[in-house]
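Descriptive analysis of the structure
In case you want the letters, here they are:
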Amino acid sequence: MLKNGSIGYEVSGLQKLLGLPMTGIFDEATYQAVVAVQKQHNLIADGIAGPKTMTALKGDKKEIIKLLNMDDINRAADQLKVDAASVIAVHKVESLGTGFLADGRVKILYERHIMYRQLEQSGFDAADYQQKFPAIVNKARGGYLGGAREYGRLGMASQLSVADALESCSWGAYQIMGFHWQALGFESVHVFVDQMQQGEGKQLDAFVGFITADAKLHAALKSKKWAEFAKIYNGPDYKDNFYDQKLAYAYDNAQANLH
């Protein structure tokens, strides 16, 4: 994430893509050029060059269409009955920055303890599976490999039960668990996963559904009670990571950038 004040060879590379002199210093001219590119591609114009901005600069149309844009933000704001700055703030703090891996697949995190629960609910002998495959079926959370390697874990779990395995992963930028598919109005977990693969806009739609399904969470967002929102969404230890302060700061920045 390159922004005002960043220094180094990565900034030089960014300036080369922008057609600017390569000074290696992220100055005001670099900031304005980044904002111009973001506006050109209808991205969130915050002047920060992250994965989305770099994708836009490289001109890969197939990948650009999958990026979250201001149309998605405004649609979500209308659905939630909040201002766009509120949606941007939540996106900045609660998303992983991008909903896709470098190879184009959706970001996932496989949860073996959820797989244990889902298998039990489906009538399988989860305890027996834990004895045989503790890395992918286990009452204890953990075993994470991260990144693309999570697909290896998902693949092994799918050999036991495809639907349960898909339900045991969190998906996309907002890491929505697959087992929420029915509460979010999807016909099946397979339809949910397909939507997550279509783009970050679809991932945001699922996130909107997740918020509206929780009346207290939705009310906290509407009233901009960031501490309450963070407590419900991130858990009682939200203060340890300053989630409420991050949301308030992101909201103020979004408001400034939108006006």
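Overall, antiparallel pairing links the three strands, which are arranged E1-E2-E3 in an open sheet. Either end of the sheet is taken by a strand with one partner, and the two such strands are strand E1 (108-110) and strand E3 (176-177). As paired elements, strand E2 (residues 169-171) and E3 share two bridges and run antiparallel to each other. Its bridge partner lying in E3, Trp-171 is registered against Ile-176.

A few words on the layout of surface pockets. In this structure, the largest pocket encloses a volume near 970 Å³. Forming the boundary of the largest pocket are 35 residues, of which Met-1, Asp-46, Ile-48, Lys-92 and Asn-257 lie nearest the centre. There is about 350 Å³ of room inside the second largest pocket. Lining the second largest pocket are 21 residues; nearest its centre among them are Pro-51, Thr-55, Thr-98, Leu-101 and Ala-102. The set of elements that each furnish at least two residues to the lining of the second largest pocket consists of helix H1 (9-18) and helix H3 (51-58). Sorting elements by how many residues they give to the lining of the second largest pocket places H3 first, with five residues. When grouped by side-chain class, the residues that make up the lining of the second largest pocket number ten nonpolar, four polar and seven charged.

Core analysis: the largest hydrophobic core is formed by 61 residues, its most contacted members being Ile-73, Trp-171, Phe-192 and Leu-204. No other element matches the seven residues that helix H6 (residues 84-94) contributes to this core. Setting aside anything within four residues of it in sequence, one finds Trp-171 in contact with Val-106, Lys-107, Ile-108, Tyr-151, Leu-154, Leu-166, Ile-176, Gly-178, Phe-192, Val-193 and Met-196.

Moving on: H3. Every buried residue belonging to H3 is among Lys-52, Thr-53, Ala-56 and Leu-57, and all of these are buried. Each buried residue of H3 sits inside an arc of 135° when the element is viewed along its axis, so together they form one side. For H3, the secondary structure elements touched by its buried residues are H1, helix H2 (28-40), helix H4 (61-64), H6 and helix H12 (200-212). Positive backbone phi, approximately 70°, marks Gly-59, located one or two places after H3.

Assignment of secondary structure puts Lys-202 in helix H12. For the pair Lys-202 and Gly-24, spaced 178 residues apart in sequence, the C-alpha separation works out to 36 Å.

Inspection of every chain in the model, using the stated rule, returns one cavity of 30 Å³ or more. Every residue along the wall of the largest cavity is listed here: Leu-80, Val-87, Val-90, His-91, Leu-204, Phe-207, Ile-211 and Leu-221. When residues of the lining of the largest cavity are traced back to their parent elements, those giving at least two are H6 and H12. Along the lines of polarity and charge, the residues of the lining of the largest cavity split into seven nonpolar, one polar and no charged.

The geometry of H1 relative to H2 is characterised by a closest axis approach of 11 Å and an angle of 55° between their N-to-C directions. The pairing of H1 with H2 is recorded here as oblique in orientation. Seen from above, H1 lies across H2 with left-handed handedness. Contacts between H1 and H2 involve Leu-14, Gln-15 and Leu-18 from the former and Thr-30, Ala-33, Val-34 and Val-37 from the latter. Residues belonging to the contact of H1 with H2 are distributed by class as follows: five nonpolar, two polar and no charged.

How each quantity is defined
- Residues numbered from 1 in each chain as written.
- Predicted model: local features only at pLDDT ≥ 70, side-chain atom pairs only at ≥ 80, totals over all residues.
- Heavy atoms only, no water.
- Pairing = 2+ DSSP bridges.
- Helix = DSSP H or I, 4+ residues; strand = E, 2+ residues; numbered from the N terminus.
- 1 Å grid on protein atoms, 1.4 Å probe; cavity = no way out; pocket = protein on both sides within 12 Å on 5 of 7 lines; lining within 4 Å.
- Points joined across faces, edges and corners; volume = space filled by probe spheres on them.
- Nonpolar A, V, L, I, M, F, W, Y, C, P; charged D, E, K, R; others polar.
- Core = buried A, V, L, I, M, F, W, Y, C linked by side-chain atoms within 4.5 Å.
- Buried < 20%, exposed > 50% of the residue type's maximum accessible area, 1.4 Å probe, protein only.
- Contact = heavy atoms within 4.5 Å.
- Arc of directions from axis to C-beta.
- Axes fitted to C-alpha atoms, helices over the stretch in contact; angles between N-to-C directions.
- Parallel < 35°, antiparallel > 145°, perpendicular 65-115°, else oblique.
- Left-handed = near helix turned anticlockwise from the far one by under 90°.

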